[in-house]
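# Coordinate analysis (summary)
What follows is each chain in one-letter form.
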Amino acid sequence: MTKRNILITGGAGFIGSHVVRLFVNKYPSYLIVNLDKLTYAGNLENLKDVENKSNYHFAKGDILDVEFLYEVFKKHDIDGVIHLAAESHVDRSLHNPVEFASTNIIGTLNLLSAAQASWHSNYQGKVFYHISTDEVYGSAEHGIFFTEQTPIDPRSPYSASKASSDHFVNAYNNSYGLPTLISRCSNNYGPYHFPEKLIPLMINNILNSKSLPVYGKGENVRDWLFVEDHARAIDAIFHGGTSGQVYNIGGNNEWRNIDLVNFLCHTMDHKLGREEGTSARLITYVKDRPGHDLRYAIDASKLISETGWRPQVSFEVGLEMTVEWYLANQEWLRHVTSGEYLQYYAKMYQSS
Ligand code: NAD
Ligand code: DAU
């Protein structure tokens, strides 16, 4: 069995926890080092089922701390990086663009420089895989799909910081020969999604009969992908992607926000035994997000033809599984909304 030592950054976040789980379970001969600062978005409760596995190691730390990154590379003889750590919420980026630039640009640059320095230009068997987003392409007109050739046109502080980090990754590939991969995925949904993002926020508010804030007219379109399908795409790209390339990942599953929220209301009324229409009455149109991108839509044909990856979970099934997960895990939701999850690290890792 192949031995590898892989550093996954941001592994305590939403997507990162699914990637860590997939790799720890699927590749018992790999050591998976999860490096995470545990910001408000990082939650080790997401990884309870793998935390005691012998091929999993958690390293609490900041990608802004370059000395710490060097130590981690050295201590674990890291030969592959899957970089997910980031500030990820567009609304927060509008309030604090500098924090986004710092984490997403400088943090990525630190990681690139730690990989380059630790690998001493011996890049045989090494890979630096950067997880980016479809938002770097900007907003798509109806009928247009983002391909890997679509010009970069970020329009929020979040997407500007992600686009900038993509440029640095490409610069390290071009200037220093660092073997890099980039993927740009559409909107994810599924278990362990922090309830500040559309779908988990709506599920939480429906559960608590609170108003459902739809930005603007609710006509913005997003292309939704089940998070485990994203994790499987990351696995396919990490193992089968070509160095220096960018891969789009998407679900070919476009929904207007208002249609999605109505569908969620219908699903939850059914699950909660409420009269049809009860949840939809909670919908409230609120002030639009400034600079709100109208539509994202991904053409993932390059990934499909090069690796054979395809989404396995339809939106109807994935949304139902997601709602069922939140209903079965209200303790997780309560810990997140009350902030109790922040104590989990101290309890698990600092008790001795
Ligand atoms: P998230 O906000 O749920 O998780 C981010 C993680 O990064 C958290 O665990 C946080 O503690 C960690 N982190 C933040 N700053 C850090 C720092 N300075 N040092 C170390 N760790 C730090 O994000 P997510 O939704 O899981 O997204 C993960 C990645 O995927 C991001 O890079 C995001 O841009 C990208 N992405 C997300 C989506 C989506 O729909 N959520 C879609 C496409 C791409
Ligand atoms: O496309 C990939 C991106 O998807 C990722 O790179 C980001 O990290 C991720 O957060 C997500 O960005 P969005 O801005 O698309 O996701 P969000 O869940 O914040 O919003 C989805 C849509 O729903 C968007 O059009 C704004 C709208 N919205 C959102 C919230 C939180 C509402 O109408 N009401 C809300 O309360």
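For the structure, see preceding data.
Below or above, wherever it landed, is the structure these notes cover. Starting from 1, residues in each chain are numbered consecutively following that chain's sequence as written. Following the order in which they are written, the chains are lettered starting with A and the ligands numbered starting with 1. Only residues with pLDDT of 70 or above have their local features reported here, since the model is predicted, and side-chain atom pairs are shown and tallied only from 80 upward, although totals for entire chains, interfaces and linings are computed over all residues. Neither water nor hydrogens contribute to the side-chain values; these are computed over all heavy atoms in the structure.

What follows concerns the overall build of the protein chain. Of regular secondary structure, the protein chain possesses twelve helices and twelve strands. This radius of gyration counts C-alpha atoms alone. The globule rule is 2.2 Å times how many residues there are, raised to the power 0.38. Expected size for 352 residues packed as a compact globule is a radius of gyration near 20 Å; at 20 Å, the protein chain falls within 12% of this value. With 352 residues in all, the protein chain has 57% of them scored as buried. Excluding contacts between residues fewer than 6 apart, the proportion of contacts in the protein chain whose partners are at least 24 apart in sequence is 82%. Put simply, DSSP H or I for four residues or longer makes a helix, DSSP E for two residues or longer makes a strand, and each gets a number counted from the N terminus. The cut-offs for exposure are 20% and 50% of the maximum accessible area for each residue type, with area from a 1.4 Å probe on protein chains only; residues under the lower value are buried, those over the upper are exposed, and the others partly exposed. Pairs of residues are marked as contacts when any of their non-hydrogen atoms sit within 4.5 Å.

All right, on to the site of ligand 2 then. We call a residue near a molecule or strand when any one of its heavy atoms sits within 4 Å of it. Close to ligand 2 lie 23 residues, the nearest being Thr133, Asp134, Tyr158, Arg289 and His292. Polar contacts, as counted here, are pairs of nitrogen or oxygen atoms within 3.5 Å of one another; within protein the pair requires one atom able to donate a hydrogen and one able to accept it, and residues that are adjacent in sequence qualify only if both atoms are side-chain atoms. Contact distances for ligand 2 include 2.7 Å between an oxygen atom and a backbone N or O atom of Ser88. Contact between ligand 2 and Arg289: an oxygen atom at 2.6 Å from a side-chain N or O atom of the residue. Here ligand 2, which alone exposes 690 Å², has 94% of that area covered by the protein. Elements supplying a minimum of two residues to the shell around ligand 2: helix 6 (198-207) and strand 8 (212-215). Top element by residues in the shell around ligand 2 is strand 8. It accounts for three residues. Residues are grouped as follows: Ala, Val, Leu, Ile, Met, Phe, Trp, Tyr, Cys and Pro are nonpolar; Asp, Glu, Lys and Arg are charged; every other residue, Gly included, is polar. Its residues placed into classes, the shell around ligand 2 shows nine nonpolar, eight polar and six charged. The Shrake-Rupley method, run with a 1.4 Å probe sphere, supplies the accessible areas, and residue values consider only the shown protein chains as cover.

This next bit is on the site of ligand 1. Every one of the 29 residues lining ligand 1 counts as a neighbour, but Ile15, Asp36, Ser88, Tyr158 and Lys162 are closest to it. Backbone polar atom of Ile15 to an oxygen atom of ligand 1: 2.8 Å apart, as the coordinates give it. For ligand 1, the protein covers 96% of the area, taking 840 Å² as the surface of the free molecule. Looking at the shell around ligand 1, the elements with two or more residues in it are helix 1 (14-26), strand 5 (127-133), helix 5 (157-176) and strand 7 (187-189). At three residues, strand 5 tops the list of elements feeding residues into the shell around ligand 1. Taken together, the residues of the shell around ligand 1 break down into twelve nonpolar, twelve polar and five charged.

One bridge is not enough; two strands pair if DSSP finds at least two bridges between them. Read across the open sheet, the seven strands follow the order 3-2-1-4-5-6-10; overall the sheet is parallel. The open sheet has two edge strands with one neighbour each: strand 3 (56-60) and strand 10 (245-249). For this sheet, the mean angle separating the axes of adjacent strands, direction not counted, is 20°. Where strand 1 (residues 4-9) and strand 2 (residues 30-36) come together, six bridges link them in parallel fashion. Residue Leu7 lies in a different strand from strand 2, and its bridge partner there is Val33. Note on method: axes are straight lines fitted to C-alpha atoms, helices fitted across the in-contact stretch only, with angles between N-to-C directions ranging 0 to 180 degrees. Contacts from helix 5 reach strand 5 and strand 6 (180-185) within the one sheet, and its direction differs from that of strand 5 by about 155°.

Phe23, Ile82, Tyr129 and Ile249 are the most contacted members of the largest nonpolar core, which totals 38 residues. Non-local contacts of Tyr129, meaning those with residues more than four positions away in its chain, are made with Val81, Ile82, His83, Leu181, Ile182, Ser183, Ile234, Ile237, Phe238 and Ile249. Formed by 33 residues, the second largest nonpolar core is a distinct cluster that contains Leu31, Ile63, Ile78 and Val81. Buried Ala, Val, Leu, Ile, Met, Phe, Trp, Tyr and Cys residues that are joined via side-chain atoms within 4.5 Å together make up what is termed a nonpolar core.

It is worth spelling out the packing of aromatic side chains at this point. For Phe, Tyr and Trp, where Trp contributes only its six-membered ring, two rings pair if their centres lie within 6.5 Å, and the inter-plane angle classes them as stacked under 30 degrees, edge-to-face over 60, or tilted in between. One pass over the full model with this rule turns up 19 aromatic pairs. Both rings, one in Tyr172 and one in Tyr176, keep their centres 4.7 Å apart while their planes meet at 65°; by these two values the pair is edge-to-face. Taken together, the positions of Tyr172 and Tyr176, both in helix 5 and four residues apart, correspond to about one turn of that helix. A relative accessible area of 10% means that Tyr172 is categorised as buried. Ring plane angle 75° and centroid distance 6.0 Å describe the contact between Tyr326 and Trp332, whose orientation is recorded as edge-to-face. Note on Trp332: relative accessible area 8%, which makes it buried. An aromatic cluster is present here, built from Tyr189, Phe226, Trp255, Phe263 and Phe315 joined pairwise through their rings. Either the NZ atom of lysine or the CZ atom of arginine qualifies as a charge over a ring when it sits within 6 Å of the ring centre and within 35 degrees of the ring normal. Here the basic side chain of Arg92 rests over the ring of Tyr40, its NZ or CZ set 3.5 Å away from the ring centre.

In spatial order, the strands read 7-9-11; together these three strands make up an open sheet with mixed pairing. This sheet does not close on itself; its edge strands, each paired only once, are strand 7 and strand 11 (254-256). Here the average twist between neighbouring strands, direction ignored, is 50°. Of the pairings in the sheet, the one linking strand 9 (residues 221-226) to strand 11 comprises three bridges and is antiparallel in character. The partner of Val221 across the bridge, within strand 11, is Arg256.

In short, the description is geometric, and any link to function would need to be established separately.
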